[in-house]
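Working through the structure, step by step
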Amino acid sequence: MIKFYLIQILLTQHKYSEAIEMFKTLDDYRVFKLGIISAMVTLLKQLNDKNTISKLFDNAVNYYAKTEPQAKELEIYMRENSNFQIENDNLPKACEMLEKIRSLKPKDFRILSKLIKLYSKFNADKAKDLSRELPSLEEVAAQSDIDIDTLESQFSLLNSKFARSKAIPSATVKSPDQSKTGEAVLKKKKKKNRKVKLPKNYNPNIPLDLERWMPLRERSYYRGKRNKKKNQIGKGTQGAVSSKEPTANQPQSPKQGAKTPDVSVPKPKPPSGAHKKKNKSRNKW
């Protein structure tokens, strides 16, 4: 456990090479445990040390091939080694690993198809020879877990979400009465052409205003609101008197032929207490 703590401290300090050396001192490294080897491969990828990774995979494959040839770890290391070699364009080494896997699983057509694909890039003759060993479609369907009927039934689900599955017509012969009823149903389902709704005050003789959807201020014939009180008194600052209007103290000359109004003397107002009623006392006694 102490070594794992030391490895964790080295990783926090980004000392990857020292952490890898500490991994090699573990007992699980000598047995090529999957967890230890995967951690070392991750650190070696950080250091971009491809040769060490390839040697590490080779040592793990050789160890399990000698000690435990039926172990699952052997196939896992072979697959990972082949994938790593494909990533680094080392196709012959990847084909070598796939050939070993094929010796363990000779009936696996997936490994054979992958081998043909890789050999076609650098050895076309080998790819042709292996292509003759490909099984037929019936054998592939028998070995695979894929049900063709379910795929065909669920094919509509692979289309777009707006696609609709078409109903398969039945092979039964319909009577003439049934065919007539079916035609009548189809006729009923046809959409009717609806009439265009017009306003109540619509007059077909008057052309429609093309600018009726625009705001009133944006129309070409809009002139704005007219000010009716334009020529009235009251404009200007407070207390100003216009030059056109006569003042109150300036007398106006009477027009010729106009009668002078009779000036009546205002009647005297009665005293303020004349109309007041006397307050009656509420107490009769």
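Look above for the structure.
Reading the values: rules and limits
Residues numbered from 1 in each chain as written. Predicted model: local features only at pLDDT ≥ 70, side-chain atom pairs only at ≥ 80, totals over all residues. Heavy atoms only, no water. Helix = DSSP H or I, 4+ residues; strand = E, 2+ residues; numbered from the N terminus. Buried < 20%, exposed > 50% of the residue type's maximum accessible area, 1.4 Å probe, protein only. Contact = heavy atoms within 4.5 Å. Areas by Shrake-Rupley, 256 points an atom, 1.4 Å probe, with all protein chains shown as cover. Core = buried A, V, L, I, M, F, W, Y, C linked by side-chain atoms within 4.5 Å. Expected span 1.5 Å × (residues − 1). Salt bridge = Lys/Arg side-chain N within 4 Å of Asp/Glu carboxyl O.

Attention now moves to the overall build of the protein chain. Scanning the protein chain from terminus to terminus reveals 12 helices and zero strands. Reading the secondary structure of the protein chain in the N-to-C direction produces α-α-α-α-α-α-α-α-α-α-α-α. Across the 285 residues that make up the protein chain, the buried fraction comes to 17%. The long-range fraction of contacts in the protein chain, counting pairs at least 24 apart against all pairs at least 6 apart in sequence, stands at 36%. Of the accessible surface of the protein chain, which amounts to about 26300 Å², a share of 54% is contributed by carbon and sulfur atoms.

Although it is not a glycine, His14 adopts a positive phi angle of roughly 60°. Considering the arrangement of structural elements, one finds His14 in the loop between helix H1 (2-12) and helix H2 (16-24). Phi at Phe32 is positive, roughly 55°, even though this residue is not glycine. Structurally, the position occupied by Phe32 is in the loop between helix H3 (27-30) and helix H4 (34-47).

Our next topic: the nonpolar core. Nonpolar side chains in soluble globular proteins generally cluster together in the buried interior. Counting residues in each nonpolar core, the largest one holds 39 residues, and the members touching the most others are Phe23, Phe32, Ile37, Met40, Leu56, Tyr77 and Leu115. Counting residues per element, the ones that place at least two in this core are H1, H2, H4, helix H5 (50-67), helix H6 (72-87), helix H7 (91-104), helix H8 (109-122) and helix H9 (124-131). Apart from the residues lying within four places of it in its own chain, the contact partners of Leu115 are Cys95, Leu98, Glu99, Arg102 and Leu130.

Turning to H5, a few remarks are in order. Taking 1.5 Å per residue, 18 residues should reach 26 Å; H5 reaches 26 Å between its end C-alpha atoms and fits that length. Three or more residues of H5 are buried, namely Ile53, Ser54, Leu56, Phe57, Asp58, Ala60, Val61 and Tyr64. Looking at the buried side of H5, the elements it contacts are H3, H4, H6 and H7.

Attention now goes to the environment of Lys105. Within the secondary structure, Lys105 is located in the loop between H7 and H8. Judged by its relative accessible area of 35%, Lys105 falls in the partly exposed class. Spatially, the C-alpha atom of Lys105 lies 9.9 Å from that of Glu75, the residues being 30 residues apart in sequence.

This part takes up the pattern of salt bridges. Counted according to the given criterion, the structure contains nine salt bridges. With its nearest N and O atoms 3.8 Å apart, the salt bridge here joins Asp129 to Arg132. Note on Asp129: relative accessible area 41%, which makes it partly exposed. For Arg132, a relative accessible area of 70% gives the class exposed. One salt-bridge network, held together by shared partners, links Asp58, Lys93 and Glu96.

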